[in-house]
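Close look at the chain arrangement
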Amino acid sequence: ERALRRSCEAYCDVELRHAVLHGVGNYDIDLRTKVLGTDTKMPYFLTSCAGQRVLHGDGEIATANAAKNHGLGMALFQLTASTFLEVHEAHPEGSKALQLYVWRDKVL
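Just so it is clear, the model here is predicted, and its values are computed rather than measured. (Residues numbered from 1 in each chain as written. Predicted model: local features only at pLDDT ≥ 70, side-chain atom pairs only at ≥ 80, totals over all residues. Heavy atoms only, no water.)

Time to look at the sheet that holds strand β5 (residues 96-99). One open sheet holds the three strands; their spatial order is β3-β4-β5, and the pairing between them is parallel. Where the open sheet ends on each side, the last strands, each with one partner, are β3 (45-47) and β5. Strand after strand, the sheet turns through a mean of 25° between neighbouring axes, direction not considered. Note: β3 against strand β4 (residues 73-77), three bridges, orientation parallel. Looking at the pairing, Leu46 lines up with Met74 of β4. Relative to the sheet, helix α3 (residues 60-69) contacts β3 and β4, its axis offset from that of β4 by approximately 165°. (Pairing = 2+ DSSP bridges. Helix = DSSP H or I, 4+ residues; strand = E, 2+ residues; numbered from the N terminus. Axes fitted to C-alpha atoms, helices over the stretch in contact; angles between N-to-C directions. Contact = heavy atoms within 4.5 Å.)

Here you go:
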């Protein structure tokens, strides 16, 4: 309750300026760049999450298809439900990154 009250009070001090990008159309700004040596339409990656297939039947393949459709790269979670080959086949030309966790217990 205390955190909620403080959050609400903090947001009361925030004033949004809606006209910051007023008049900027979809094609007025060129955000193309290179990420990890691959051309992208925007300077960021899409990423999957743990248990993604529980949320969507295609899991990481759906994320790869979305990345391909929007000209973006993709980061893949280490405990993915899809194989790396399946993701590569869905988006072969896109750059990929692996979200890797190093465990203290080396047996894992």
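After that view, the rundown keeps rolling.
As a further point, take α3. The set of residues buried in α3 consists of Glu60, Ile61, Thr63, Ala64 and Ala67. With its buried residues spanning 160° around the axis, α3 presents them on a single face. In this fold, the buried residues of α3 make contact with β3, α2 (52-55), β4 and α4 (84-90). Note on α3: the residue one or two positions beyond its end, Gly71, has a positive phi of about 70°. (Buried < 20%, exposed > 50% of the residue type's maximum accessible area, 1.4 Å probe, protein only. Arc of directions from axis to C-beta.)

Residues Phe84, Leu98, Leu100 and Val102 make up a contiguous nonpolar surface patch of roughly 460 Å² in combined accessible area. By secondary structure assignment, the location of Phe84 is in helix α4. (Patch = residues over 30% accessible without salt bridge, like charges linked within 9 Å, V, L, I, M, F, W, Y side chains within 5 Å. Areas by Shrake-Rupley, 256 points an atom, 1.4 Å probe, with all protein chains shown as cover. Salt bridge = Lys/Arg side-chain N within 4 Å of Asp/Glu carboxyl O.)

Moving on: the pattern of salt bridges. The tally for this structure, following the rule as stated, stands at three salt bridges. The partner of Asp39 in a salt bridge is Lys34, with the nearest N and O atoms 3.1 Å apart. We classify Asp39 as exposed; its relative accessible area is 57%.

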